[in-house]
Amino acid sequence: MSWSIADVARMSGVTARTLRHYDDIGLLEPAYVGANGYRYYEEEQLLRLQQILVLREIGLSLAEIAHAVDSEPDTLAALKRQHDRLLTERNRLGRMADTVARTIAEIEGTMAMTGKINRPENLFEGFDYKQYDDEARERWPEEFEQSRRKTATLTTDDVENMQREVTAAMIRMAEFMAAGTQVGDAAVQAEIHTQYQGICRMWTPNRDAYKCLGQMYVDDERFKANYEKIAEGLAEYQRDAMVVYADERLGD
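Residues numbered from 1 in each chain as written. Predicted model: local features only at pLDDT ≥ 70, side-chain atom pairs only at ≥ 80, totals over all residues. Heavy atoms only, no water.

1. Some words on the overall build of the chain
- Regarding its fold elements, the chain presents 12 helices and 3 strands.
- Per-residue burial for the chain yields a buried fraction of 40% across its 252 residues.
- Across the chain, contacts joining residues at least 24 apart in sequence account for 65% of those joining residues at least 6 apart. (Helix = DSSP H or I, 4+ residues; strand = E, 2+ residues; numbered from the N terminus. Buried < 20%, exposed > 50% of the residue type's maximum accessible area, 1.4 Å probe, protein only. Contact = heavy atoms within 4.5 Å.)

2. A short note on the side chain of Gln45
- Structurally, Gln45 can be placed in helix 3 (residues 43–58).
- Apart from the residues within four sequence positions on either side, Gln45 is in contact with Leu28, Glu29, Pro30 and Ala31.

3. Let's talk about the sheet that holds strand 2 (residues 32–33)
- Read across the sheet, 3 strands follow the order 1-3-2 without closing on themselves; strand pairing throughout is antiparallel. Strand pairing shows two members of the sheet lacking a second neighbour, strand 1 (3–4) and strand 2, which therefore form its edges.
- Pairing between strand 1 and strand 3 (residues 39–41): 2 bridges, direction antiparallel. Opposite Trp3, over in strand 3, you have Tyr41 as the bridge partner. (Pairing = 2+ DSSP bridges.)

4. A short note on the packing of helix 11 (residues 221–230) against helix 12 (residues 234–249)
- Contact pair helix 11 / helix 12: the axes reach a minimum separation of 7 Å and the direction vectors enclose 110°. Taken as axis vectors, helix 11 and helix 12 run roughly perpendicular relative to one another. Contacts from Lys224, Tyr227, Glu228 and Ile230 of helix 11 reach helix 12 at Leu234, Ala235, Glu236 and Gln238.
- Per-class residue counts for the contact of helix 11 with helix 12 are 4 nonpolar, 1 polar and 3 charged. (Axes fitted to C-alpha atoms, helices over the stretch in contact; angles between N-to-C directions. Parallel < 35°, antiparallel > 145°, perpendicular 65-115°, else oblique. Nonpolar A, V, L, I, M, F, W, Y, C, P; charged D, E, K, R; others polar.)

5. Notes on the confidence of the model for the chain
- Confidence along the chain averages 78 in pLDDT terms, with 73% of residues attaining 70 or more.
- The low-confidence segment residues 111–133 (pLDDT under 50) makes 58 contacts with residues lying over four places distant or belonging to another chain. (pLDDT = per-residue confidence, 0-100.)

6. Remarks on the pattern of salt bridges
- Under the counting rule described, the total for this entry stands at 7 salt bridges.
- A salt bridge links Asp247 to Lys211, with the shortest nitrogen-to-oxygen separation between them at 2.5 Å. Remark: Lys211 occurs in helix 10 (residues 207–219) and Asp247 occurs in helix 12; sequence separation between them is 36 residues.
- Note on Asp247: relative accessible area 42%, which makes it partly exposed.
- Here Asp240 makes a salt bridge to Arg239, at a shortest N to O gap of 3.0 Å.
- We classify Asp240 as partly exposed; its relative accessible area is 32%. (Salt bridge = Lys/Arg side-chain N within 4 Å of Asp/Glu carboxyl O.)

7. Notes on the nonpolar core
- Counting 29 residues, the largest nonpolar core has Met173, Ile192, Tyr210, Leu213 and Leu234 as the members making the most contacts within it.
- Per element, the largest residue contribution to this core is 7 residues, and it comes from helix 12.
- Setting aside its immediate chain neighbours within four residues, Met173 contacts Val188, Glu191, Ile192, Gln195, Leu234, Tyr237, Gln238 and Ala241.
- In this structure, Ala9, Leu27, Ile65 and Val69 belong to the second largest nonpolar core, which totals 21 residues. (Core = buried A, V, L, I, M, F, W, Y, C linked by side-chain atoms within 4.5 Å.)

8. What about helix 11?
- Looking only at helix 11, the buried set comprises Phe223, Asn226, Tyr227 and Ile230. Within helix 11, the buried residues cover an arc of 95° as seen down the axis, which keeps them to one side. (Arc of directions from axis to C-beta.)

Listed below in structure tokens is the structure:
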């Protein structure tokens, strides 16, 4: 039995564009291409796709995934090895859950007493943003490659410092929102400017790209969930502030 690329996209949740990209780079070739030019996949390809998605969720790059999958032709052995990886990932998610629980306690306690949020260290302990690589590559291919080149030069300390900066920025925005500060307020826009400068260390979005980035924080449930863990409605508040900044300060 075979399935079209549209069938596989529906089953797996992977876009047809991503499947075509996997084919182009030799990561997941279809079983055959029909006379109509459509790609078709069989059970062997579905099993390989499952391995790819598992490894992508763990945070491996596409090159690392290709090496891992190709180095183990025995599907059962590969699944056992991935199961071990998933157990490791489960432990990481446990640490993430503990981080969120601490944050909730901080917000509930300090907001009730002072109206402000403390800035806990390592708010995003356990989070891994490599899972967004495919989406970023599809939306902004040139900027993604530029960002990846710069990211490759970062040390572990650099990454941890950047995570702390993101943590502090999100919490400052939550404090503005909790105080009822309008997104166009000078203080909020100064904060957005600082955040924009941080993004520019990796890539430089223009007006439309920056608005699109802000909208993704709302539309993508994974991004939005991170904001919602800080404060309900924060993703929309962040997006609206970014729109004001983009319209007033960024070019095409």
